[in-house]
Amino acid sequence: MCGLEKQSTNLPEPAGPTDDTITYSVTERGQRALAARLHLDAERSARRRAWARALRQQGRRCGTVYSRFKHDRFVPELRLCGAWLEAVGFDLGQVFEVGVEERKLVIRAV
């Protein structure tokens, strides 16, 4: 074999976790920061839910602008769904048009 022979080594087996669980330890400062962040997120979510509820009572809706990767860049995306669309005249398969008037999107069933 041209001088290449299999050599045995006496290296120990690598030590590590025996299952797929990963454990993290967080410092006390990190725990306080995380708790504060979760509290702020909970407060923000509660305010948004209250705002959305108030809008629904007025016959309006709110949403989030999402992103979609298209043509090598991210572009904004709006999603609308729900029985309320049917209630205001948008049936399944119906064509609609979108226009902009005074910084507002106007969606009309055609």
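Everything numeric here is computed off the predicted structure, so don't read it as measured data.

## Focus on the pattern of salt bridges
Thought 1: Under the definition given, this model contains seven salt bridges.
Thought 2: For Arg47, the salt bridge goes to Glu43, with nearest N and O atoms at 3.8 Å. Of the two residues, Arg47 and Glu43 are both situated in helix 1 (residues 28-57); the distance of four residues between them amounts to about one turn of the helix.
Thought 3: Residue class for Glu43 comes out partly exposed when judged on its relative accessible area of 35%.
Thought 4: Where Glu97 meets Arg108, a salt bridge forms, and the shortest distance between an N and an O atom there is 3.8 Å. One end of the pair, Glu97, is in strand 3 (residues 96-101); the other, Arg108, is in strand 4 (residues 104-109), and 11 residues separate them in sequence.
Thought 5: On the basis of relative accessibility, which here comes to 37%, the residue Arg108 falls in the partly exposed class.

## So, the confidence of the model for the chain
A low pLDDT score tells you not to read the predicted coordinates there in detail.
Thought 1: Averaged over the chain, the pLDDT score is 81; the fraction of residues at 70 or greater is 82%.
Thought 2: The lowest-confidence element of the chain is helix 1, averaging 83 in pLDDT; the highest-confidence one is strand 3, averaging 94.

## A closer look at a nonpolar patch on the surface
Thought 1: Taken together, the side chains of Val65, Leu78, Leu80, Phe96, Val98, Val100, Leu105 and Ile107 present a nonpolar region at the surface, about 790 Å² in accessible area.
Thought 2: Contributions of two or more residues to the nonpolar patch are made by strand 3 and strand 4.
Thought 3: Ranked by residue count, the leading element in the nonpolar patch is strand 3, at three residues.
Thought 4: Looking at the element boundaries, Leu80 is found in the loop between strand 2 (73-77) and helix 2 (83-87).

## A look at the packing of aromatic side chains
Thought 1: Evaluation of the coordinates by the stated rule reveals one aromatic pair.
Thought 2: Ring centres of Phe69 and Phe74 lie 5.0 Å apart, and the angle between their planes is 70°; this geometry places the pair in the edge-to-face category. Taken individually, Phe69 and Phe74 each receive the classification exposed, so the pair is uniform in this respect.
Thought 3: The positively charged end of Arg79 is found above the aromatic ring belonging to Tyr66, 4.0 Å away from the centroid.

## Topic: the pairing of strand 2
Thought 1: The sheet contact formed by strand 1 (residues 66-70) and strand 2 spans five bridges and is antiparallel. Across the sheet, residue Lys70 finds its bridge partner in strand 2, namely Arg73.
Thought 2: A loop of two residues connects strand 1 with strand 2, the two strands running antiparallel in sequence, and His71 in this loop sits at a positive phi of about 55°.

## What to know about helix 1
Thought 1: Between its first and last C-alpha atoms helix 1 spans 44 Å; for 30 residues at 1.5 Å apiece the expected length is 44 Å, and the two agree.
Thought 2: Gly59, located one to two residues past helix 1, shows a positive phi value of around 80°.

## Notes on the pairing of strand 4
Thought 1: Pairing analysis gives six bridges linking strand 3 to strand 4, with the strands arranged antiparallel. Bridge pairing in strand 4 places Val98 opposite Ile107.
Thought 2: Turn length for the strand 3-strand 4 hairpin, with the two strands adjacent in sequence and antiparallel, is two residues, and the turn residue Glu102 shows positive phi of about 50°.

Rules of the game
- Residues numbered from 1 in each chain as written.
- Predicted model: local features only at pLDDT ≥ 70, side-chain atom pairs only at ≥ 80, totals over all residues.
- Heavy atoms only, no water.
- Salt bridge = Lys/Arg side-chain N within 4 Å of Asp/Glu carboxyl O.
- Helix = DSSP H or I, 4+ residues; strand = E, 2+ residues; numbered from the N terminus.
- Buried < 20%, exposed > 50% of the residue type's maximum accessible area, 1.4 Å probe, protein only.
- pLDDT = per-residue confidence, 0-100.
- Patch = residues over 30% accessible without salt bridge, like charges linked within 9 Å, V, L, I, M, F, W, Y side chains within 5 Å.
- Areas by Shrake-Rupley, 256 points an atom, 1.4 Å probe, with all protein chains shown as cover.
- Phe/Tyr/Trp six-rings, centres within 6.5 Å; stacked < 30°, edge-to-face > 60°.
- Lys NZ or Arg CZ within 6 Å of the ring centre and 35° of its normal.
- Pairing = 2+ DSSP bridges.
- Expected span 1.5 Å × (residues − 1).

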